[in-house]
Structures are given as C-alpha cells and as structure tokens.
Amino acid sequence: MIDNADDLRDKANEYKNGLKRQYVNIPIGDEEYGFRISGIGAKSVKLEKFVKFDEIFEAIESGNDNGLEAMIKQIIEDYEEDDEE
C-alpha cells in the first residue's frame, strides 16, 4: 500500500501510458459520471470528460437539475469577463 505522495507520483509516472486508458466514475448529484485519466504529471493527475451541449439540455429537461450538466450550464450562464484596464 502506498502511503505518501512521492511514491504515488512515482508509480503513476512509471505506468502513465496504461493509466491514461483508465476511467474513474464520480458521483455528482444523483448520477455517476465517467472521467478518463488524460494526463499524469509531476504534480497532478488530469481527469477529462466531454459534455455535449445537447446532453446538457437533455439532462436538465429530464429532471436532472443537480448533476454535472446543470452545474456546467450554471457556470456558463453566470460567467462574466473581468474588466482588465
């Protein structure tokens, strides 16, 4: 069993090619979403998931208003550019 970040990083980097084909399921709201491990670096693991705009509205229209799709929609709706002058 790995009990520290350095050993975990070393193993992840040793096996990064195989690990980058792995998926992790994460529960968000009432649903479970599959994320792909898309990168392994010196400091972190990168997870990736593509969510189509049509899927966002299909999920919300079917009543999933607390899932990943609803969160993404809310982030986009609320976003405003910062004024950098």
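Residues numbered from 1 in each chain as written. Predicted model: local features only at pLDDT ≥ 70, side-chain atom pairs only at ≥ 80, totals over all residues. Heavy atoms only, no water.

Draft legend 1. The arrangement of the side chain of Asn 64 in detail. With respect to the element layout, Asn 64 can be found in the loop between helix 3 (53–61) and helix 4 (68–78). Judged by its relative accessible area of 10%, Asn 64 falls in the buried class. Reaching out from Asn 64, the side chain makes a polar contact with the side chain of Tyr 33 at a distance of 3.3 Å. Separated by 3.2 Å, the side chain of Asn 64 and the backbone nitrogen of Gly 67 make a polar contact. When sequence neighbours within four positions are dropped, the list of residues in contact with Asn 64 reads Glu 31, Tyr 33, Ala 59, Glu 69 and Ala 70. (Helix = DSSP H or I, 4+ residues; strand = E, 2+ residues; numbered from the N terminus. Buried < 20%, exposed > 50% of the residue type's maximum accessible area, 1.4 Å probe, protein only. Polar contact = N/O pair within 3.5 Å; in protein donor to acceptor, adjacent residues only side chain to side chain. Contact = heavy atoms within 4.5 Å.)

Draft legend 2. Inspection of the sheet that holds strand 2 (residues 31–40) at higher detail. With antiparallel pairing, three strands are arranged side by side in an open sheet as 1-2-3. Where the open sheet ends on each side, the last strands, each with one partner, are strand 1 (23–28) and strand 3 (45–48). Within the sheet, the average angular offset between the axes of one strand and its neighbour, ignoring direction, is 45°. Here strand 2 runs beside strand 3; their pairing, made up of four bridges, is antiparallel. Note that in strand 3 the partner of Ile 37 across the bridge is Leu 47. (Pairing = 2+ DSSP bridges. Axes fitted to C-alpha atoms, helices over the stretch in contact; angles between N-to-C directions.)

The analysis is restricted to geometry; functional conclusions fall outside its scope.
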